[in-house]
Amino acid sequence: MIASAPSEAKFELFVNDPITSIEFYEAAGFEIVEAKSDGYTTLRTGPIVISLSPLSTWIPLRWLSVLRGPPLGTEIVLYADRLEDTQRRLTEAGFKPTPVVLQEWGLRDFRVRDPEGYYIRFTEGRAATLAPTGSE
């Protein structure tokens, strides 16, 4: 690893309804690690950190949700070992994930939009495999 390379990642999502967004990410397996009095909340699962930054409700984020997903926006991909468990928890919490399916490229996944319209794909496996130490 390059000494000056980033060592962690955090996604900051701008939301109108932090309470419902917190419920979504908790159902997805995240835990609150910090909650500020202004509603700014940081959640973590393992090395993945997501912060929810509240915006005034006069900014209609849900109307713009079509711009938050592919092909115009961003697809947030989260990797999990037990997709069915995550999909079931989200469904039980009142969210609407798609069924778990085997994609043509060989990976199983499901998709869901979070309460603010962010497009989330939960995929089985790992984001990237690391090369063995000493190889190039």
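Preceding block: the structure.
1. Digging into the sheet that holds strand β3 (residues 41-45)
Here comes step 1: Taken together, 4 strands build an open sheet; the order of strands is β1-β4-β3-β2 and the sheet is mixed. Two strands in the sheet have a free side with no partner beyond their single neighbour: β1 (9-15) and β2 (31-35). Neighbouring strand axes in the sheet, compared pairwise and without regard to direction, differ in orientation by 25° on average.
Here comes step 2: Of the pairings in the sheet, the one linking β2 to β3 comprises 4 bridges and is antiparallel in character. Following the sheet pairing, E34 is matched in β3 by T42.

2. Some remarks on the packing of aromatic side chains
Here comes step 1: Considering all chains together, one arrives at 4 aromatic pairs under this definition.
Here comes step 2: When the centroid spacing of 4.8 Å and the interplanar angle of 80° are considered together, the rings of F24 and Y25 count as edge-to-face. Here F24 matches Y25 in class, with each residue buried.
Here comes step 3: Owing to a relative accessible area of 0%, F24 belongs among the buried residues under this scheme.
Here comes step 4: Each member of the aromatic cluster is reached from another via a ring pair, and the members are F24, Y25, F30 and F95.

3. A closer look at the pattern of salt bridges
Here comes step 1: Throughout the structure, instances matching the rule amount to 8 salt bridges.
Here comes step 2: Each of R82, D85, R88 and E92 takes part in salt bridges that share partners, so that together they form one network.

Rules behind the numbers
- Residues numbered from 1 in each chain as written.
- Predicted model: local features only at pLDDT ≥ 70, side-chain atom pairs only at ≥ 80, totals over all residues.
- Heavy atoms only, no water.
- Pairing = 2+ DSSP bridges.
- Helix = DSSP H or I, 4+ residues; strand = E, 2+ residues; numbered from the N terminus.
- Axes fitted to C-alpha atoms, helices over the stretch in contact; angles between N-to-C directions.
- Phe/Tyr/Trp six-rings, centres within 6.5 Å; stacked < 30°, edge-to-face > 60°.
- Buried < 20%, exposed > 50% of the residue type's maximum accessible area, 1.4 Å probe, protein only.
- Salt bridge = Lys/Arg side-chain N within 4 Å of Asp/Glu carboxyl O.

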